[in-house]
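Listed below, chain by chain, are the residues.
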Protein chains: 4
Amino acid sequence: MQLGLVGLGKMGFNMRERLRAAGHEVIGYDRNAEVSDSESLADMVGKLAAPRTVWVMVPAGQVTRTVVAELGDLLDTDDLVIDGGNSRYTDDRGNADLLATSGVGYLDVGVSGGVWGRENGYGLMVGGDEKFVERAMPIFDSLRPEGDREEGFVHAGATGAGHYAKMVHNGIEYGLMQAYAEGYELLAAASEVTDERGVLKAWTRGTVVRSWLLDLLVKALDEDPGLSQISGYVEDSGEGRWTVEEAVRHSVPAPVISAALFARFASRQDDSPAMKAVSALRNQFGGHAVHKAGPTSGSGET
Amino acid sequence: MQLGLVGLGKMGFNMRERLRAAGHEVIGYDRNAEVSDSESLADMVGKLAAPRTVWVMVPAGQVTRTVVAELGDLLDTDDLVIDGGNSRYTDDRGNADLLATSGVGYLDVGVSGGVWGRENGYGLMVGGDEKFVERAMPIFDSLRPEGDREEGFVHAGATGAGHYAKMVHNGIEYGLMQAYAEGYELLAAASEVTDERGVLKAWTRGTVVRSWLLDLLVKALDEDPGLSQISGYVEDSGEGRWTVEEAVRHSVPAPVISAALFARFASRQDDSPAMKAVSALRNQFGGHAVHKAGPTSGSGET
Amino acid sequence: MQLGLVGLGKMGFNMRERLRAAGHEVIGYDRNAEVSDSESLADMVGKLAAPRTVWVMVPAGQVTRTVVAELGDLLDTDDLVIDGGNSRYTDDRGNADLLATSGVGYLDVGVSGGVWGRENGYGLMVGGDEKFVERAMPIFDSLRPEGDREEGFVHAGATGAGHYAKMVHNGIEYGLMQAYAEGYELLAAASEVTDERGVLKAWTRGTVVRSWLLDLLVKALDEDPGLSQISGYVEDSGEGRWTVEEAVRHSVPAPVISAALFARFASRQDDSPAMKAVSALRNQFGGHAVHKAGPTSGSGET
Amino acid sequence: MQLGLVGLGKMGFNMRERLRAAGHEVIGYDRNAEVSDSESLADMVGKLAAPRTVWVMVPAGQVTRTVVAELGDLLDTDDLVIDGGNSRYTDDRGNADLLATSGVGYLDVGVSGGVWGRENGYGLMVGGDEKFVERAMPIFDSLRPEGDREEGFVHAGATGAGHYAKMVHNGIEYGLMQAYAEGYELLAAASEVTDERGVLKAWTRGTVVRSWLLDLLVKALDEDPGLSQISGYVEDSGEGRWTVEEAVRHSVPAPVISAALFARFASRQDDSPAMKAVSALRNQFGGHAVHKAGPTSGSGET
């Protein structure tokens, strides 16, 4: 089918390739003329036949909201906008309502798969009305991995459900990554194990912990033994925070996902104000030397 | 090759099947005569040709140590004992030294794969001397999954390394399971998502969080929708504890693995003494009704 | 000085007593006529001489916002409203702006001290303009503990700072309570210590962990040895959640405060969906009996 | 009464002062001749009249065990050794048994109070036989704070109970310190609060979180505003680790105390291997720039 695609960055570019390879006609628009198929959003819309379907794949937040609003002005009744970015699910209701004033439909889609999606297919989680989901199904079927539809696609619920599911997916991802990372650090710290990369590799088939993330960790260690070329400064892109906030909102204990998030925060601190306070306290009550390198003992205090 | 196999429970039984299917001659011994191939440990040893290799697959701890000691009396120089149970790595040095007095070799092997290993193969992590590893390699090659050896097997280091690696594997496993579990609970709690099983299923291909554990969680939900037939009381079998203790010993931060372990502990408490203390404190300073069901507010206190 | 006081519940009632004992004229209003000094909010306002100061001590959230709005209609230029409830700091800007349209001033005050405040005085954290802080200082000085003003009172910053400080106070409180509670549970679990109440009591003077909360825990144990009369079901009143949300917003690692919050969430679950998922997973890969009471071993899995 | 005191470091020196001020005769021994009252352990013992009581206040572990063994050789039936250092409780049984072969008694005493104990008195937790506790009571009564005995002293149980209680005391201390530290960091991070030192100070009277540790934190901030002279590198002296290990042993959930311990571990890492692994993983699946400073978005991944 025909699709307008706004945003041809790392994700959008690859998705266009995958869709075209599947026989779809994709009219892309990006501010970067080198990759764009059209001169403007309006130009792109003009090249689409009604009823139009436009997939938005731009940075979450204000950029996405602005593009959606502009599309609301350019599109007509029975057209459809799909937000496939990492928007917070709380944005979806507003986007849907705004477009509804022009009779335009809206789907929110959580997309997973990263740079590997072009080849392997993307995991898709969709929120919105069934009739729009059906209309866009040819696109979804081409983006998701080959095989059973339900192994790479879900219509998770009404508006917002797609991004909600993607948010939880990413929250889980934080926990999984941290679990592997803690185990890796322990293997590296223990003199008993002399080949930690080999241990991780041996887990990639047959074991309970096998996963795609584990495969990637082995690949990273093969490319950079000892991870010597990389720093432990770890960014986050928001979904982990939202997951913790949702856990708080729903009174769901999330010790693992929150611990993974906080580990990232701590990784970005040159010197932690909290730990300075702990150090100051130890100094106050125990007379512990503040920078003293060895353990202290017999002092009656911690 | 020929192998003695002590312990034909859930794991040992399946391993015998897999080894026999691969053409090995396995003489098993188990206290349960219905599954045993021999009448006693001595009888089993008597049926093996020197140099003998005996795989021990019995409960970790005292049972394993006792069997190893008995084998030390029954075996001769250049024979080999392999402990494939979930022994703590700290047991391995003692076992190896004890057997060495009889000239008997020792390998410790961490085995992963659970009840699925018979079909899929087992992930193997081995500790000990290279010459014994090579001798037992036909067995290892048949137990591990088909394909590249290093994707299902590692000689991780000297005595103890195999069980150390398996311990860390299981510690990671605790973290992974808890991460999925927290995400599942959040999906179930949020009204936005109406098909949490469908969401998990849609993650099994193409997404970043795809893994064998995720496949199993979907399978569990298919067999028991809503997990209504299962309680949240979760045992542990020791490796998670050991992993946390090793993290403490090596000053490795392990917030995720420890959180997963403590969540299991808490799951087994009918009423937590700690939370009774918190409740008592709230009552003391705030006059909060102790069982009061709704949130309190405006009282100046938490 | 003269003060209108809206809300004569647990906190407001005691504060009126303390203020009257200090010689202030307090005109209280409460929906409960038995404790009220006036028939309505309007009646209360009518009994105050301009410029009026009205302290609001009602449940946080909609109730407080409604009372503040009603006071905005009843009061005049240069009057002052003080919100002493446990409002979220994000409410303060709206309250202040609304009142400003009538020329009425606004202070937000975090109040700590619980039911003991009447006797010991209340810790006060104030946000808002200096001129209003000064006007209300006679009230603050009477509410706070005797002694140096800065040991029980702070003008923490502009509008919202008082409730922000109170929120963090309560977040810390969650962490402190949980720390004592974990230690208490461990003392109770260990056979080495036969008098855990005595141990806690011995900490109340001279040790590094002495505190008012510790005194209260000893008191609770004296009143209810073994805490047998209390359940481990622990409510929360919102500030702990807000603190975690603020930590997330500011990228501040808060592992202890969040762990304390999540422990409360878990304490309120009869059966945890997350732990059901973990139990189901163990069953899937290991064939572990789902409710099995003893540790499992030698099975190759956790 | 008369007391031998081995170890005149930070703690022992102050304790000698406090005991002498209370009228006791203290014969100290330390390797540092400048502070020692005797030339050797044997010399010190020779100056004591039977039945002798010797208090050991040296670094925990091998040093303490060695001193206790030497005292076993020097002392006679009915003499008494008291280990007041921060020994792990598991050392006490061995010490007691060793001394018992010479008919010498043994008490283990956890001592809290740090450098302030000389003036304020020390909190004391004692393990061992009642008859020895009674004999040493004049010493205990002089070391503990004035006032009710049970507010600064407890006979917590049999051999090991004193150090066990001290261990838990210190574990709690880790949690308390971290709770204050997280709150401090949040106050410092939030622009709403402009006087975080003032807020902490205002909590020192009247509030629920008041404590000696809070007083010390205010003192530290007064001495070093913003804690600019101190680094966030925080040592630990063992008791926190032991507490976590005991929690694991007793299946007691200890999320707060373990989080506080792990925060210290992390504070000492220049670059975390675990976080390098997380960073490497993000790079693998998302093509995230490894050091990229800003948040990433719209990429479909975390």
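Here the structure is a predicted model, which means the values were calculated and not measured.

### Remarks on the overall build of chain A
Scanning chain A from terminus to terminus reveals 13 helices and seven strands. C-alpha extents for chain A along the principal axes are approximately 80 × 40 × 40 Å. Across the 302 residues in chain A, those meeting the buried criterion constitute 66%. Restricting the contact set of chain A to residue pairs at least 6 apart, pairs at least 24 apart contribute 64%. In chain A, 28 positive and 44 negative side-chain charges are present, and the distance between their average locations comes to 2 Å.

### A few points about the interface of chain D and chain A
Each partner contributes residues to the interface: chain D has 77 residues there, and chain A has 77 residues. Note on chain D versus chain A: buried area summed over both sides is about 6300 Å², and carbon and sulfur give 58% of it. Connecting chain D to chain A are zero salt bridges. Taken together, the links from chain D to chain A amount to 18 residue pairs in polar contact (both at pLDDT 80 or more). Elements with a minimum of two residues in the side of chain D that touches chain A: α1 (10-21), β5 (105-112), α8 (161-189), α10 (212-223), α12 (255-267) and α13 (273-286) of chain D. Considering each element in turn, the side of chain D that touches chain A owes the most residues, 13 residues, to α13 of chain D. Its residues assigned to classes, the side of chain D that touches chain A shows 33 nonpolar, 28 polar and 16 charged.

### Some thoughts on the sheet that holds strand β1 (residues 2-6) of chain A
Residue and element names in this part refer to chain A. Taken together, seven strands build an open sheet; the order of strands is β2-β1-β3-β4-β5-β6-β7 and the sheet is mixed. The open sheet is flanked by β2 (25-29) and β7 (153-157), the only strands paired with a single partner. Direction aside, neighbouring strands of the sheet carry axes that sit 25 degrees apart on average. Looking at chain direction, strand β6 (residues 123-127) and β7 are connected through four bridges and run parallel. Residue pairing across strands places Gly127 opposite Gly157, the latter belonging to β7. Together, β4 (80-83), β5 (105-112), β6 and β7 form the strand contacts of helix α8 (residues 161-189), whose direction differs from that of β5 by roughly 15 degrees.

### Regarding the relation of the copies chain D and chain A
The operation relating chain D to chain A is a screw motion whose rotation component is 180 degrees, with 0.0 Å of axial translation and a residual RMSD of 0.1 Å. Taken together, the rotation and translation describe the operation of a two-fold axis. A symmetric contact is evident, with 100% of the interface residues of chain D recurring at the interface of chain A.

### A closer look at the relation of the copies chain B and chain C
The transform that puts chain B on chain C rotates by 180 degrees and translates by 0.0 Å along the axis, for an RMSD of 0.0 Å. Both copies contact each other with a shared surface, as 100% of the interface residues of chain B are interface residues in chain C too.

### Concerning the domain arrangement of chain A
Often the size quoted for an interface is simply the accessible area lost on bringing the parts together. Residue and element names in this part refer to chain A. Each assigned domain of chain A is listed here: domain 1 (2-157) and domain 2 (167-267). Summarising the inter-unit geometry, the C-alpha centres of domain 1 and domain 2 are found 30 Å apart. Contacts between the two partners involve seven residues from domain 1, matched on the other side by 10 residues from domain 2. Of the roughly 800 Å² buried between domain 1 and domain 2 on both sides combined, carbon and sulfur atoms contribute 55%. Per-residue buried area on domain 1 facing domain 2 is highest for Arg88, Tyr89 and Trp116; these three make up 64% of the total on that side.

### Let's talk about the nonpolar core
Generally speaking, soluble globular proteins have nonpolar side chains that are buried together. If you look at the biggest cluster of nonpolar residues, it comprises 236 residues, and the most contacted ones within it are Trp203 of chain A, Trp203 of chain B, Trp203 of chain C together with Trp203 of chain D. Sequence-distant contacts of Trp203 of chain D, defined by excluding residues within four places in its chain, comprise Met125, Glu151, Ala165, Val168, His169 and Ile172 of chain C together with Leu187, Val209, Arg210 and Leu214 of chain D.

### Some thoughts on the sheet that holds strand β1 (residues 2-6) of chain C
Residue and element names in this part refer to chain C. Spatially, β2-β1-β3-β4-β5-β6-β7 is the arrangement adopted by the seven strands of the open sheet, whose pairing is mixed. Unpaired on one side and paired on the other, β2 (25-29) and β7 (153-157) mark the two borders of the sheet. Within the sheet, the average angular offset between the axes of one strand and its neighbour, ignoring direction, is 25 degrees. On the sheet, helix α8 (residues 161-189) packs against β4 (80-83), β5 (105-112), β6 (123-127) and β7 and is oriented at approximately 15 degrees with respect to β5.

### Some thoughts on the packing of aromatic side chains
Given two aromatic rings, one states the distance between the centres and the angle between the planes to describe the pair. Applying the stated criterion to the full structure yields 20 aromatic pairs over all chains. Each ring, one from Tyr89 of chain C and one from Tyr164 of chain C, has its centre 4.7 Å from the other, and the planes form 70 degrees; the classification is edge-to-face. With Tyr89 of chain C in the loop between β4 and α4 (90-100) and Tyr164 of chain C in helix α8, this pair connects stretches of sequence that are 75 residues apart. Taking the relative accessible area as the measure of exposure, Tyr89 of chain C reaches 9% and is therefore buried. Ring pairs connect the aromatic residues Trp55, Phe140 and Phe153 of chain A, which therefore count as one cluster. Of note, Arg210 of chain A hangs over the ring of Trp212 of chain B, and the distance from its end group to the ring centre comes to 4.3 Å. Against the face of Tyr174 of chain B rests Arg264 of chain B, its NZ or CZ located 3.7 Å from the ring centre.

### Structural notes on the packing of helix α11 (residues 255-267) of chain B against helix α13 (residues 273-286) of chain C
Packing of α11 of chain B against α13 of chain C brings their axes to within 11 Å, and their N-to-C directions diverge by 100 degrees. It follows from the interaxial angle that α11 of chain B and α13 of chain C lie roughly perpendicular. Where α11 of chain B approaches α13 of chain C, its residues Ala263, Arg264 and Ser267 of chain B are matched on the opposing element by Met275, Val278 and Arg282 of chain C. Here the residues of the contact of α11 of chain B with α13 of chain C sort into three nonpolar, one polar and two charged.

### Brief notes about the packing of α8 of chain C against α8 of chain D
With their axes 9 Å apart at the nearest point, α8 of chain C and α8 of chain D run at an angle of 165 degrees to one another. Considering their axes alone, α8 of chain C and α8 of chain D lie roughly antiparallel with respect to each other. Read as a crossing pair, α8 of chain C and α8 of chain D show a hand that is right-handed. Contacts from Tyr164, Ala165, Val168, Ile172, Gly175, Leu176, Ala179, Tyr180, Gly183, Leu186 and Leu187 of chain C of α8 of chain C reach α8 of chain D at Tyr164, Ala165, Val168, Ile172, Gly175, Leu176, Ala179, Tyr180, Gly183, Leu186 and Leu187 of chain D.

### Considering the interface of chain B and chain C
Each side of the interface is counted separately: chain B has 77 residues, and chain C has 77 residues. Each partner contributes to the roughly 6300 Å² buried at the junction of chain B and chain C, and carbon and sulfur atoms together form 58% of this total. Linking chain B to chain C there are 18 residue pairs in polar contact (both at pLDDT 80 or more). Looking at the side of chain B that touches chain C, the elements that each hand over two or more residues are α1 (10-21), β5 (105-112), α7 (161-189), α9 (212-223), α11 and α12 (273-286) of chain B. Top element by residues in the side of chain B that touches chain C is α12 of chain B. It accounts for 13 residues. Looking at the side of chain B that touches chain C residue by residue, the classes come out as 33 nonpolar, 28 polar and 16 charged.

Rules behind the numbers
- Residues numbered from 1 in each chain as written.
- Chains lettered and ligands numbered in written order.
- Predicted model: local features only at pLDDT ≥ 70, side-chain atom pairs only at ≥ 80, totals over all residues.
- Heavy atoms only, no water.
- Helix = DSSP H or I, 4+ residues; strand = E, 2+ residues; numbered from the N terminus.
- Buried < 20%, exposed > 50% of the residue type's maximum accessible area, 1.4 Å probe, protein only.
- Contact = heavy atoms within 4.5 Å.
- Lys, Arg positive; Asp, Glu negative; His and termini not counted.
- Charge placed at Lys NZ, Arg CZ, Asp CG, Glu CD.
- Buried area = accessible area lost by both parts, 1.4 Å probe.
- Salt bridge = Lys/Arg side-chain N within 4 Å of Asp/Glu carboxyl O.
- Polar contact = N/O pair within 3.5 Å; in protein donor to acceptor, adjacent residues only side chain to side chain.
- Nonpolar A, V, L, I, M, F, W, Y, C, P; charged D, E, K, R; others polar.
- Pairing = 2+ DSSP bridges.
- Axes fitted to C-alpha atoms, helices over the stretch in contact; angles between N-to-C directions.
- Least-squares fit on C-alpha atoms with pLDDT ≥ 70 in both.
- Domains from an automatic or database assignment.
- Core = buried A, V, L, I, M, F, W, Y, C linked by side-chain atoms within 4.5 Å.
- Phe/Tyr/Trp six-rings, centres within 6.5 Å; stacked < 30°, edge-to-face > 60°.
- Lys NZ or Arg CZ within 6 Å of the ring centre and 35° of its normal.
- Parallel < 35°, antiparallel > 145°, perpendicular 65-115°, else oblique.
- Left-handed = near helix turned anticlockwise from the far one by under 90°.

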